[in-house]
Amino acid sequence: MKVGELAKTANVTAETVRHYTREGLLSPVRDPDNGYQLYDQADLNRLRFIQRARTLGFSLREIGEILEHADHGDSPCPMVRDLLAARLPEIKQRIIELERLAERMENALANWSDMPDGAPDGHTICRLIEHWNLPQETEHHE
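Draft legend 1. Inspection of the pattern of salt bridges at higher detail. Within the structure shown, the criterion is met by 6 salt bridges. Measuring nitrogen to oxygen at the nearest pair gives 2.6 Å for the salt bridge that ties Glu65 to Arg61. Of this pair, Glu65 and Arg61 both sit in helix H4 (residues 60–71), separated by 4 residues, roughly a single helical turn. A relative accessible area of 55% means that Arg61 is categorised as exposed. Notably, a salt bridge pairs Glu62 with Arg87, separated by 2.4 Å at the nearest N-O pair. Linking Glu62 in helix H4 with Arg87 in helix H5 (residues 77–112), this pair joins segments that are 25 residues apart in sequence. In this structure, Glu62 and Arg87 share a single accessibility class: buried. A cluster of three or more residues bridged by salt bridges with shared partners is formed by Glu15, Arg18 and Arg22.

And the structure:
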């Protein structure tokens, strides 16, 4: 099948298929008559695997390593477990940071709701930001 057909079957864009091909994650053959890239069922299976791995947070580099292990007959499962085990604490920390950011944004919006708009005057750019205090920042950095 051609790029567009594979993309439609997998519910992705043709550019996604082309990108994964450029990254070496998919390996189509060239049609000798017209030079089109042709994908088969194995490419569709790989594309679906890539989509699942992406939903678990794996990078394309990591997915490439996983596929390489599998292509060489080695089980990538231990590596997959290790990658997720290492990544999970990072993700949980990022969630905490994003919750703090959301709180700061909510506080800023509440404080700014009654403040007048000001035009830049050579001394200020945006008074809302310049007059924003971050008292809670010092509380969270230990």
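There's more to say after this.
Draft legend 2. Spatial organisation of the packing of H4 against H5. Between H4 and H5, the shortest axis-to-axis distance is 11 Å and the interhelical angle comes to 160 degrees. The angle between H4 and H5 falls in the class roughly antiparallel. Viewed along their axes, H4 and H5 form a crossing whose handedness is right-handed. Here H4 contributes Glu62, Glu65, Ile66 and His69 to the contact with H5, which in turn contributes Met79, Val80, Leu83 and Arg87. Across the contact of H4 with H5, the residue classes break down as 4 nonpolar, 1 polar and 3 charged.

Draft legend 3. Region of interest: the nonpolar core. Membership of the largest hydrophobic core comes to 21 residues, with the highest contact counts inside it found for Val17, Leu26, Leu47, Ile50 and Ile63. Secondary structure elements with two or more residues in this core: helix H1 (3–10), helix H2 (14–22), helix H3 (41–55), H4 and H5. In this structure, Val17 is in contact with Val3, Leu6, Ala7, Val12, Leu26, Tyr39 and Leu47, ignoring residues within four places of it in sequence.

What counts and what doesn't
Residues numbered from 1 in each chain as written. Predicted model: local features only at pLDDT ≥ 70, side-chain atom pairs only at ≥ 80, totals over all residues. Heavy atoms only, no water. Salt bridge = Lys/Arg side-chain N within 4 Å of Asp/Glu carboxyl O. Helix = DSSP H or I, 4+ residues; strand = E, 2+ residues; numbered from the N terminus. Buried < 20%, exposed > 50% of the residue type's maximum accessible area, 1.4 Å probe, protein only. Axes fitted to C-alpha atoms, helices over the stretch in contact; angles between N-to-C directions. Parallel < 35°, antiparallel > 145°, perpendicular 65-115°, else oblique. Left-handed = near helix turned anticlockwise from the far one by under 90°. Contact = heavy atoms within 4.5 Å. Nonpolar A, V, L, I, M, F, W, Y, C, P; charged D, E, K, R; others polar. Core = buried A, V, L, I, M, F, W, Y, C linked by side-chain atoms within 4.5 Å.

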